[in-house]
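Below, each chain spelled out in residue letters.
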Amino acid sequence: AAASGWSDDDGDDDDSESDSDDEAALLAELAEVRREREAEAAKQREEEEAAAAAEAERAAAAGNPLLRLGGDGGGAIKRRWDEDVVFRNQASAAPAPGRRFINDTLRNDFHLRFMRKYIQ
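These figures come from a predicted structure and were not determined experimentally. (Residues numbered from 1 in each chain as written. Predicted model: local features only at pLDDT ≥ 70, side-chain atom pairs only at ≥ 80, totals over all residues. Heavy atoms only, no water.)

Caption draft 1: Region of the structure containing the overall build of the protein. For the protein, the helix and strand inventory stands at 2 helices and 0 strands. Of the roughly 11300 Å² of accessible surface on the protein, a fraction of 54% belongs to carbon and sulfur atoms. (Helix = DSSP H or I, 4+ residues; strand = E, 2+ residues; numbered from the N terminus. Areas by Shrake-Rupley, 256 points an atom, 1.4 Å probe, with all protein chains shown as cover.)

This is how it looks when you write it as structure tokens:
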């Protein structure tokens, strides 16, 4: 009876050892699958970042008329930079001479006009 009890305990140990071995193998496989998925996700992110950088570079090149290589009329700039400015050509006209203030009664504009009109 003691021998059969010993063999029963030994059989339970084998089952628990094989269960723990199976569990360890499953955990190792799960860890490997997770690593593979993380590597795939990192590779996907790198590809997306590279594609976004290439698209940004293409957009910047297309937006700069100096970098265009003759696709639309030789790269001539069609509009001036100040065409849409509200206040342009302000300094081109000379300011109209208005009344000037001189704090001297003999040299101010009223006295000079008066002298020209009535005295001369």
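Caption draft 2: View of the pattern of salt bridges. Here the structure, examined in full by the defined rule, presents 2 salt bridges. Residue E55 pairs with R58 through a salt bridge whose shortest N-O separation is 2.8 Å. Of this pair, E55 and R58 both sit in helix α1 (residues 2-63), 3 residues apart, which is roughly one turn of that helix. Taking relative accessible area as the criterion, E55 reaches 44% and is therefore assigned partly exposed. Across the pair R107 and D104 runs a salt bridge whose closest N-O atoms are separated by 3.0 Å. Looking at D104, the relative accessible area reads 28%, which means it is partly exposed. (Salt bridge = Lys/Arg side-chain N within 4 Å of Asp/Glu carboxyl O. Buried < 20%, exposed > 50% of the residue type's maximum accessible area, 1.4 Å probe, protein only.)

Caption draft 3: Just the side chain of D109, in detail. Relative to the helices and strands, D109 is located in helix α2 (residues 109-119). If near-sequence neighbours (up to four positions away) are discounted, D109 is found in contact with R99 and R100. (Contact = heavy atoms within 4.5 Å.)

Caption draft 4: Spotlight on the packing of aromatic side chains. Tallied over the entire structure, the rule returns 2 aromatic pairs. When the ring of F110 is compared with that of F114, the centres are 6.3 Å apart and the planes differ by 25°; the resulting orientation is stacked. Here F110 pairs with F114, and both are found in helix α2, just 4 residues apart, close to one helical turn. By relative accessible area, which is 57% here, F110 ends up exposed. Ring geometry for F114 against Y118: centres 5.1 Å apart, planes inclined by 50°, an arrangement best described as tilted. With a gap of 4 residues between them, F114 and Y118 both fall in helix α2, about one helical turn apart. Y118 sits in the exposed class, given a relative accessible area of 52%. (Phe/Tyr/Trp six-rings, centres within 6.5 Å; stacked < 30°, edge-to-face > 60°.)

Caption draft 5: Representation of a nonpolar patch on the surface. The grouping of F110, F114, M115, Y118 and I119 at the surface amounts to a nonpolar patch, some 540 Å² of accessible area in total. Along the chain, the position of M115 falls in helix α2. (Patch = residues over 30% accessible without salt bridge, like charges linked within 9 Å, V, L, I, M, F, W, Y side chains within 5 Å.)

Don't take any of this as a statement about function, it's just geometry.
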